Amino acid sequence: MVDKRTEQIKELLPVYFIMGSTNCNGRDPVRVLEEAIAGGITLFQFREKGESALTGKEKVRLAERLKKICQENHIPFIVNDDLDLAIELDAHGIHVGQDDLEADIVREKFSNKILGVSAHTIEEAEQAIKDGADYLGLGPIYPTNSKDDAREVAGTGIIECFRNHGITIPIVGIGGITPANAEEVIQASADGVAVISAIASSSDVKETAKSFLRATSK
Ligand code: TZP
Ligand code: MG
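Calculation rules
- Residues numbered from 1 in each chain as written.
- Chains lettered and ligands numbered in written order.
- Predicted model: local features only at pLDDT ≥ 70, side-chain atom pairs only at ≥ 80, totals over all residues.
- Heavy atoms only, no water.
- Disulfide = S-S within 2.5 Å.
- Buried < 20%, exposed > 50% of the residue type's maximum accessible area, 1.4 Å probe, protein only.
- pLDDT = per-residue confidence, 0-100.
- Axes fitted to C-alpha atoms, helices over the stretch in contact; angles between N-to-C directions.
- Helix = DSSP H or I, 4+ residues; strand = E, 2+ residues; numbered from the N terminus.
- Parallel < 35°, antiparallel > 145°, perpendicular 65-115°, else oblique.
- Left-handed = near helix turned anticlockwise from the far one by under 90°.
- Contact = heavy atoms within 4.5 Å.
- Near = heavy atom within 4 Å.
- Polar contact = N/O pair within 3.5 Å; in protein donor to acceptor, adjacent residues only side chain to side chain.
- Areas by Shrake-Rupley, 256 points an atom, 1.4 Å probe, with all protein chains shown as cover.

In this structure, what is going on with the state of the cysteines? I would like to understand it.
In protein structure, a disulfide is the covalent linkage between the sulfur atoms of two cysteines. Inspection of the entire model under this criterion finds zero disulfides. Lacking any disulfide linkage, C24 is separated from the closest cysteine sulfur, that of C70, by 13 Å. Residue class for C24 comes out buried when judged on its relative accessible area of 0%.

Structure representation (structure tokens):
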């Protein structure tokens, strides 16, 4: 039996847009997010990373603006890897990687919120589930330029492999996903695709988001 929370999380994952100021090619992240929402993204994660990433008050200010837009459009707002920020903003959730805060600690301090965990092995996935993860991020599925310390490309096989091992919680694929390959990721039994550059640096953010929605709902 799939419980209601799991069903609700699955519904949020089809087009999971991840972005921070460094991903927008100099464009205003606020505009990029508005266009992505107009195109139909289903979930948003604020991920402020990279050499020229905002810090301190500037980071908080941008996060607040983006959260407000999400709120107005009924899109849950997830914070990447910054528990203090997630708590300060009363975000809908947080996403942590294997090198970030331990998922069980995050779950304890940020209970009842959406908790996403990146996993690369079955052991990491099983631990994340024990810790209370609501969904797993698996990748990089394809080559990506958006993460300096990305692991080896895993292909869609990693999703099939996890499912064959009995991992049933919601999964998003991440890394190098475009409207052209998104369907493959869903066919490998992911519940959605998590995307940075294909949407954030698109010359037509709204249309690209729409294409992702079409590709993931086939
Ligand atoms: N984790 C694994 S790959 C990746 C992250 C954050 C980057 C995804 O970005 P893009 O531009 O969609 O490949
Ligand atoms: Mg991280």
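In this structure, what is going on with the confidence of the model for the chain? I would like to understand it.
Low pLDDT marks regions whose predicted coordinates should not be analysed in detail. Per-residue confidence for the chain gives a mean pLDDT of 97, with 100% of residues at or over 70. Complex prediction metrics read pTM 0.98 and ipTM 0.98.

Before we go on, may I ask you to explain the packing of helix α2 (residues 29-39) against helix α10 (residues 205-216) in this structure?
For any two helices packed against each other, one specifies the crossing angle of their axes together with the interaxial distance. Between α2 and α10, the least distance of the axes is 7 Å, while the angle of their chain directions is 40°. Considering the angle they form, α2 stands oblique to α10. Like other packed secondary-structure pairs, α2 and α10 cross with a definite hand, here right-handed. In this structure, α2 uses V32, E35, A36, A38 and G39 to contact α10, whose residues at the interface are V205, K206, A209, K210 and L213.

Any chance you could explain the site of ligand 1 here in plain terms?
Close to ligand 1 lie R47, T144, S146, K147, I174, G175, G176, V195, I196 and S197. In this structure, I196 approaches ligand 1 through a main-chain N or O atom, which is 2.9 Å from an oxygen atom. When ligand 1 is considered free in solution it has 380 Å² of accessible area, and contact with the protein chains removes 92% of it.

What am I meant to see in the side chain of K113 here?
For K113, the location among the structural elements is in the loop between α5 (103-109) and β5 (114-119). Classification of K113 as buried rests on a relative accessible area of 18%. A distance of 3.0 Å separates the side chain of K113 from the backbone oxygen of A91, its partner in a polar contact. Discounting chain neighbours no more than four positions away, the residues touching K113 are R5, D90, A91, H92, G93, R107 and D134.

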